Amino acid sequence: MTLTLEEFNQCISDLYEQSQQIHDRWQLQKTSKGSYLVYSFVDQDHLKHEFHIVYSESYAVPVLYFNVSRLDGSLLSLDDVWQLFTHRKTSKMYETITQQEHSILHRPFFVLHPCHTENVLKQVANQPIKKKFLFWLSIYGQSVGLPLSVHYAID
């Protein structure tokens, strides 16, 4: 169960519009290289979290990129990021969170590897595409501290 680029673009446009209605923080970025969503916040430890939802042409699924930085702009290391999520740690964590070049911005970002996303989406194969997208986002986002309002689940 994959998504076409057109389905992905519709999903991120819908999420952005809904975000505007509920006064959430999602921002839609459109570039010549593709469109993507951005969500950022500063936590109680003064760390800036920035999340990007980007389309993977190779896997034909959405991908969650993220960075965590100090307020001076210095990025946390991969080890520091793993420490942030130790309460969510599984034996597969070190296989799924990696650092690589952002496919649109060409800067280093952490990424939840999309190799298993298709299998996750198969669990909701009979649902409308928007529900599949939100299912994916709630699972992947939760694993790295992305807050997602329950209002997105309401049609």
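Residues numbered from 1 in each chain as written. Predicted model: local features only at pLDDT ≥ 70, side-chain atom pairs only at ≥ 80, totals over all residues. Heavy atoms only, no water.

- The chain appears in an unreviewed UniProt entry as Ubiquitin-like-conjugating enzyme ATG10 from Adineta ricciae.
- The annotation that UniProt attaches to the chain under Sequence similarities (unreviewed entry) is "Belongs to the ATG10 family." (UniProt positions renumbered as here; feature names shortened; annotations may be inferred.)

**Brief notes about the pairing of strand β1 (residues 27–31)**
- Pairing of β1 with strand β2 (residues 34–42) involves five bridges; the strand directions are antiparallel. Its bridge partner being in β2, K30 is matched across the sheet by S35.
- The turn linking β1 back onto β2 is made up of two residues. (Pairing = 2+ DSSP bridges. Helix = DSSP H or I, 4+ residues; strand = E, 2+ residues; numbered from the N terminus.)

**Looking at the sheet that holds β2**
- Ordered in space as β1-β2-β3-β4-β6-β5, the six strands form an open sheet in which the pairing is antiparallel. At either end of the open sheet lies a strand with only one pairing partner, and these are β1 and β5 (97–101). Geometrically, the sheet is characterised by an average inter-axis angle of 35 degrees between neighbouring strands, direction not taken into account.
- Summarising the sheet, β5 and strand β6 (residues 108–112) pair through five bridges and their orientation is antiparallel. Paired with E101 across the two strands is P108, which belongs to β6.
- Those strands touched by helix α5 (residues 129–143) are β3 (47–56), β4 (61–70) and β6, and its axis lies near 30 degrees from that of β4. (Axes fitted to C-alpha atoms, helices over the stretch in contact; angles between N-to-C directions. Contact = heavy atoms within 4.5 Å.)

**Looking at the nonpolar core**
- Counting residues in hydrophobic clusters, the biggest one holds 35 residues, and the most contacted among them are L15, W26, I53 and F66.
- Of all the elements in the fold, those that place two or more residues in this core are α1 (5–22), β2, β3, β4, α2 (78–84), β6, α4 (117–122) and α5.
- The leading source of residues in this core is α5, at five residues.
- Apart from residues lying up to four places away in sequence, I53 is in contact with F8, I12, L15, W26, Y36, L37, P62, V63, L64, F133, W136 and L137. (Core = buried A, V, L, I, M, F, W, Y, C linked by side-chain atoms within 4.5 Å. Buried < 20%, exposed > 50% of the residue type's maximum accessible area, 1.4 Å probe, protein only.)

**Describing the pattern of salt bridges**
- What the rule picks out here adds up to two salt bridges.
- Across the pair E50 and K48 runs a salt bridge, and its minimum N-O distance is 3.9 Å.
- Assessed through its relative accessible area of 33%, K48 is described here as partly exposed.
- The residue D80 makes a salt bridge to R70 at a minimum N-O spacing of 3.6 Å. Taken together, the residues span a long stretch of sequence, with D80 in helix α2 and R70 in strand β4 at a distance of ten residues.
- Classification of D80 as partly exposed rests on a relative accessible area of 31%. (Salt bridge = Lys/Arg side-chain N within 4 Å of Asp/Glu carboxyl O.)

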